[in-house]
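Okay, here's what each chain looks like letter by letter:
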Amino acid sequence: MFKNLFLLFIALFFSACSSYLTPYKYSNQTNELMFKVSDTDYFIKKLHNPTYIITSDTCTNKSYLLKEKRYFIEYISLDSNCSWNGLASGYFEREFKSELKLKSMVALERIDINNYSFSTFKINDTYILNMITMYGGFTDIFIVDFEGGLYNELLAKLKPTYKKHFNSMPRFKADYNYSMVKFNFFNSYFNREREVFSK
């Protein structure tokens with residue numbers, strides 16, 4: 001009986017933990033983005049000549065920027081004894097608006113599915129921009145999708161009833177290079193948790 005209870009506990013523990021795993025992988029060898037869309041299925045997007053830039057901070061582990069004509073991606077993996085000082089996606093959106101000196105950046109659509117968050121913004125009252133945010137464990141991934149193709153394809157895989165909106169509006173494009181990891185020292189997006197010792 002105890003053996004059965006133990007096995008049940010282990011099964012429940014690992015199934016609960018799996019929801020915290022990041023639903024994203026990137027292969028340097030094949031230049032492919034892989035997104036988990038079900039327990040057994042991945043949606044794969046091939047990149048064309050991406051620029052891969054390793055970023056580092058005392059709190060991060062294997063973080064990087066990935067740039068391609070269609071996308072800007074920041075992958076941030078925190079050490080287990082570090083944590084964000086606020087909402088990670090809020091920091092990313094604020095810095096995007098600030099660095100590009102945008103007059104306005106208004107959220108028109110937000111869809112949350114499992115560990116994914118899909119956002120559509122109206123930029124400077126004229127243009128449309130899509131972002132995808134993913135999280136899991138100590139990892140956060142931010143994707144700016146300038147053309148909107150990845151946003152629409154991945155969202156359709158996760159939510160087949162999704163209908164495309166805002167396709168008639170012009171797309172916002174920019175050369176974005178800001179890294180929250182690189183500038184964490186100045187802006188304290190995340191830090192090491194302090195240990196409190198009692199006397």
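Please refer to the structure higher up on the page.
Scope of this entry: the structure provided in the associated data block. Numbering of residues starts from 1 in each chain and follows the order in which that chain's sequence is written. Restriction of local features to residues with pLDDT of at least 70 applies here, the model being predicted, together with a cutoff of 80 or more for giving and counting side-chain atom pairs; totals for whole chains, interfaces and linings are based on all residues. Excluding hydrogens and water, the side-chain figures rest on all heavy atoms present in the structure.

Our next topic: the sheet that holds strand β3 (residues 42-46). If DSSP finds at least two bridges between two strands, the strands pair. Secondary structure elements are defined from DSSP: runs of H or I of at least 4 residues count as helices, runs of E of at least 2 residues count as strands, and each element is numbered from the N terminus. In space, the three strands of this open sheet follow the order β1-β2-β3, with antiparallel pairing throughout. Each edge of the open sheet is held by one strand with a lone partner, namely β1 (24-27) and β3. Each strand of the sheet is rotated relative to its neighbour by a mean of 20°, with strand direction disregarded. Two elements, β1 and strand β2 (residues 32-36), share four bridges in a ladder whose sense is antiparallel. Note on β2: the bridge partner recorded for K25 is M34. A contact between two residues is defined here by any heavy atoms of the two lying within 4.5 Å. Note on method: axes are straight lines fitted to C-alpha atoms, helices fitted across the in-contact stretch only, with angles between N-to-C directions ranging 0 to 180 degrees. Relative to the sheet, helix α3 (residues 149-158) contacts β2 and β3, its axis offset from that of β3 by approximately 170°.

Moving on, we get to the pairing of strand β5 (residues 63-68). Classification of residues uses two cut-offs on accessible area relative to the type maximum, computed with a 1.4 Å probe and protein chains only: under 20% is buried, over 50% is exposed, and between them is partly exposed. β5 sits mainly inside the fold: six of its six residues count as buried. Here β5 shows a buried face lined by S63, L65 and K67 and a second buried face lined by Y64, L66 and E68. Note that strand β4 (residues 51-55) and β5 share five bridges and pair antiparallel. Bridging across to β5, T55 finds its partner in S63. Pairing between β5 and strand β6 (residues 71-77): five bridges, direction antiparallel. Residue E68 lies in a different strand from β6, and its bridge partner there is Y71. Hairpin connection, β5 to β6: the antiparallel pair is bridged by two residues.

Geometric descriptors of this kind do not, in isolation, establish any biological role.
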